[in-house]
Amino acid sequence: MRTLTLVLLGLLLMVVPVMGQAPEGTCGVKDLDQETARWIEGMLKSMPRPEMRLAGSVEIPIAFHVVYAGTKGRVSDQKIATLMNNLNAAFSGSPFSFRLAKVDRTNNKTWYGNCMKHEQTMKRRLAVDPRRTLNIYSCKTSNFPTTGGVLGFAYFPFMFPENSYMHGAVIHPALMPGGHPEVGVYGNIVAHEIGHYLGLYHTFQGGCGPNGDFVADTPAEGKPTGDCAAATDTCPSILGLDDVTNFMNYGDDLCMNHFTPGQIQRMVDMTSTLRPGIYN
């Protein structure tokens, strides 16, 4: 039954656009239309709910791919080590932890200059065991900070087969710790992209509608919250202020600081069903 469900899901999502227009300087992941989101929710509810695992017990190896062009886009080992520490801090309290398994560096002007255009070629060449490994690619996703644009993106677990080289997170070097005073202080926006990789939607998915992001303990949001203002309420008719410091919102790197218990449970539900390789 599980295999048939996943096959049907794959056929459905062949017609669902993965990337979409995003507000400037933000995540490139397109929110799902509500019909597709409800279908996926029904599929998840048809599966046995997995037990919550101990904090940090699911260790995910990371292969970090630095794509650069001469002196542009270089990322130091120290920045990667700092990012690893900060990712483990971001996901503390969840079952997920991260271990740096590999770092490679590729001097390729074409890939670096527009890695979104050359994404498939780059990933096909560099990806390491996507079923069990989180591949992170650092390259130029936009002309930030000269102009706005996408700073990072990842794919939901159901967008491709589990072993597809398309999985992983693509990030602009500015998102690395110390990369930029707003978006690259700690690397928290990288945690945002990994949240997508593990199955989370944006907190503003679905707006003020009845389903939202399908997580009960994240208040409804009518639109992205792009600052750290604590009193923001974009759905005033619904109880709860916007969760402006949630990793899956659009706050600055400086103010992102938590996932809710419901989000943690959803990551476990999504990955147990659709990304079981990380548990092996």
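This text gives an overview of the structure that appears in the document. (Residues numbered from 1 in each chain as written. Predicted model: local features only at pLDDT ≥ 70, side-chain atom pairs only at ≥ 80, totals over all residues. Heavy atoms only, no water.)

**Regarding the pairing of strand E3 (residues 134–138)**
And step 1. A large share of E3 lies buried, amounting to five of its five residues.
And step 2. The alternating pattern of E3 places Leu134, Ile136 and Ser138 and Asn135 and Tyr137 on opposite faces, both of which are buried.
And step 3. With five bridges joining them, strand E1 (residues 58–68) and E3 adopt parallel strand pairing. Residue pairing across strands places valine 66 opposite serine 138, the latter belonging to E3.
And step 4. As defined by bridge partners, E3 adjoins strand E5 (residues 169–171) across three bridges and the pair is classed as parallel. Bridge pairing links tyrosine 137 to valine 170 in E5. (Buried < 20%, exposed > 50% of the residue type's maximum accessible area, 1.4 Å probe, protein only. Helix = DSSP H or I, 4+ residues; strand = E, 2+ residues; numbered from the N terminus. Pairing = 2+ DSSP bridges.)

**Some details on the nonpolar core**
And step 1. Counting 42 residues, the largest nonpolar core has Phe64, Phe91, Phe96, Phe98, Ile136, Ile194 and Leu198 as the members making the most contacts within it.
And step 2. The set of elements that each furnish at least two residues to this core consists of E1, helix H3 (77–90), strand E2 (96–107), E3, E5, helix H6 (188–197) and helix H7 (261–274).
And step 3. At six residues, E1 tops the list of elements feeding residues into this core.
And step 4. Apart from residues no more than four positions distant in its own chain, leucine 198 is found in contact with Ile60, Phe91, Phe96, Pro157, Met267, Met270, Thr271 and Ile278.
And step 5. If you look at the next biggest cluster of nonpolar residues, it comprises 31 residues, including Cys115, Met122, Val150 and Tyr201. (Core = buried A, V, L, I, M, F, W, Y, C linked by side-chain atoms within 4.5 Å. Contact = heavy atoms within 4.5 Å.)

**Looking at the state of the cysteines**
And step 1. For the structure on display, the rule yields two disulfides.
And step 2. Paired by a disulfide, cysteine 115 and cysteine 139 hold their sulfur atoms 2.2 Å apart. One quick way to see it: the torsion about the S-S bond of cysteine 115 and cysteine 139 is about 75°, and its sign makes the bridge right-handed. Separated by 24 residues along the polypeptide, cysteine 115 in the loop between helix H4 (109–113) and helix H5 (119–126) and cysteine 139 in the loop between E3 and strand E4 (152–154) bring together distant segments of the chain.
And step 3. Given the relative accessible area of 1%, cysteine 115 is considered buried.
And step 4. Paired by a disulfide, cysteine 208 and cysteine 235 hold their sulfur atoms 1.9 Å apart. Taking the sign of the S-S torsion, about -95° here, the bridge from cysteine 208 to cysteine 235 comes out left-handed. Of this pair, cysteine 208 sits in the loop between H6 and H7 while cysteine 235 is found in the loop between H6 and H7, placing the two residues 27 residues apart along the sequence.
And step 5. Given the relative accessible area of 37%, cysteine 208 is considered partly exposed. (Disulfide = S-S within 2.5 Å.)

Limitation: the analysis is restricted to geometry and does not speak to function.
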